[in-house]
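Observations on the model geometry
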Amino acid sequence: GAVVSQHPSWVICKSGTSVKIECRSLDFQATTMFWYRQFPKQSLMLMATSNEGSKATYEQGVEKDKFLINHASLTLSTLTVTSAHPEDSSFYICSAELNEQFFGPGTRLTVL
Amino acid sequence: ELKVEQNPLFLSMQEGKNYTIYCNYSTTSDRLYWYRQDPGKSLESLFVLLSNGAVKQEGRLMASLDTKARLSTLHITAAVHDLSATYFCAVDLRQGAQKLVFGQGTRLTINP
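Our subject in this report is the structure included herewith.

Cut-offs used in this document
- Residues numbered from 1 in each chain as written.
- Chains lettered and ligands numbered in written order.
- Predicted model: local features only at pLDDT ≥ 70, side-chain atom pairs only at ≥ 80, totals over all residues.
- Heavy atoms only, no water.
- Contact = heavy atoms within 4.5 Å.
- Buried area = accessible area lost by both parts, 1.4 Å probe.
- Salt bridge = Lys/Arg side-chain N within 4 Å of Asp/Glu carboxyl O.
- Polar contact = N/O pair within 3.5 Å; in protein donor to acceptor, adjacent residues only side chain to side chain.
- Helix = DSSP H or I, 4+ residues; strand = E, 2+ residues; numbered from the N terminus.
- Nonpolar A, V, L, I, M, F, W, Y, C, P; charged D, E, K, R; others polar.
- Buried < 20%, exposed > 50% of the residue type's maximum accessible area, 1.4 Å probe, protein only.
- Phe/Tyr/Trp six-rings, centres within 6.5 Å; stacked < 30°, edge-to-face > 60°.

To continue, consider the interface of chain A and chain B. Each partner contributes to the interface: chain A provides 20 residues, whereas chain B provides 19 residues. Summed over both partners, the interface of chain A with chain B comes to about 1400 Å²; 49% of that surface belongs to carbon and sulfur atoms. Three residues stand out in chain A for area buried against chain B, namely Ser43, Glu100 and Phe103 of chain A, and they jointly supply 29% of the buried area on that side. Among the ionic pairs, Lys99 of chain B bridges to Glu59 of chain A, the shortest N-O distance being 2.8 Å. In this assembly, chain A and chain B are joined by five residue pairs in polar contact (both at pLDDT 80 or more). Residue assignment for the side of chain A that touches chain B shows that the elements contributing at least two residues are strand S4 (32-38), strand S5 (44-51), strand S9 (90-98) and strand S10 (100-103) of chain A. A class-by-class count of the residues in the side of chain A that touches chain B yields eight nonpolar, seven polar and five charged.

In structure tokens form, the structure reads like this:
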């Protein structure tokens with residue numbers, strides 16, 4: 001139980017385009033989901049907390065207009081990277097909370 | 001600001017040896033998690049430590065938590081090559097919703 005999926009698992013896009021990443025809890029409902037970013041050989045940094053039916057809570061230094069989060073149902077949260085630039089290239093990992101956090105497999109974004 | 005510091009950050013050891021990874025944190029918390037990450041992959045949950053004095057063991061790994069000392073340890077017994085990975089501890093701040101702050105990670109390499 002407690003499986004979280006992400007789609008896509010990897011994406012390559014051109015600079016200036018937008019990319020949407022989906023995070024789904026497959027066998028449980030999650031009021032709260034989280035989005036993390038991990039640069040190569042670094043730790044995970046929390047970007048935002050996604051709450052079903054309300055606005056996401058962003059961490060300090062994360063641009064909410066650039067990283068749009070939508071949590072429209074209890075099993076789906078989406079992260080849209082708008083006007084992506086090469087410095088946004090990273091490994092994006094979501095998690096869903098069910099007493100503890102269960103992590104998705106991650107999405108590797110490469111912006112050319 | 002909560003700081004979570006792991007020590008060491010890099011560890012190269014031989015099969016069959018024992019070693020300990022330390023995780024120190026700077027504020028009060030009684031929930032700490034240990035995760036394993038393989039290259040290019042997401043996080044795999046290893047241990048959930050929920051109270052002072054908690055000790056959990058799985059195979060060659062054992063984790064403990066001392067909330068008074070703000071210290072957790074991950075002990076590896078008779079290491080085998082398959083344990084080579086990066087290990088992260090994460091402290092739950094529990095500010096309303098769960099909020100995990102990760103350590104820098106310890107990159108463990110076990111040589112035959």
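Moving on, we come to the side chain of Ser95 of chain A. All names here are of chain A. Among the structural elements, Ser95 can be located in strand S9. Residue classification places Ser95 among the buried residues on the basis of a relative accessible area of 0%. In terms of polar contacts, Ser95 uses its side chain to reach the side chain of Gln101, at 2.7 Å. Not counting the four nearest positions on each side in its chain, Ser95 is found in contact with Cys23, Met33, Phe34, Tyr36, Gln101, Phe102 and Phe103.

Let us look at the environment of Asn18 of chain B. Residue and element names in this part refer to chain B. Looking at where Asn18 falls in the secondary structure, it is placed in the loop between strand S2 (10-14) and strand S3 (19-25). Residues Asn18 and Thr77, 59 residues apart in the sequence, show an inter-C-alpha distance of 4.6 Å. In this structure Asn18 touches Met13, His75, Ile76, Thr77 and Ala78, once residues within four positions along its chain are discounted. Of the polar contacts made by the side chain of Asn18, one reaches the backbone nitrogen of Ala78; its length is 2.7 Å.

The way to describe two aromatic rings as a pair is by their centre distance and the angle between their planes. Inspection of every chain in the model, using the stated rule, returns nine aromatic pairs over all chains. Judged by centre distance (6.2 Å) and plane angle (75 degrees), the rings of Phe103 of chain A and Phe102 of chain B are edge-to-face. Of the two residues, Phe103 of chain A sits in strand S10 while Phe102 of chain B sits in strand S10 (residues 100-102), which places them in two different chains. Exposure remark for Phe103 of chain A: the relative accessible area of 12% places this residue in the buried category. Centre to centre, the rings of Tyr35 of chain B and Phe102 of chain B are 5.8 Å apart; their planes meet at 35 degrees, and the pair counts as tilted. With a gap of 67 residues between them, Tyr35 of chain B in strand S4 (residues 32-37) and Phe102 of chain B in strand S10 connect regions that are remote in the sequence.

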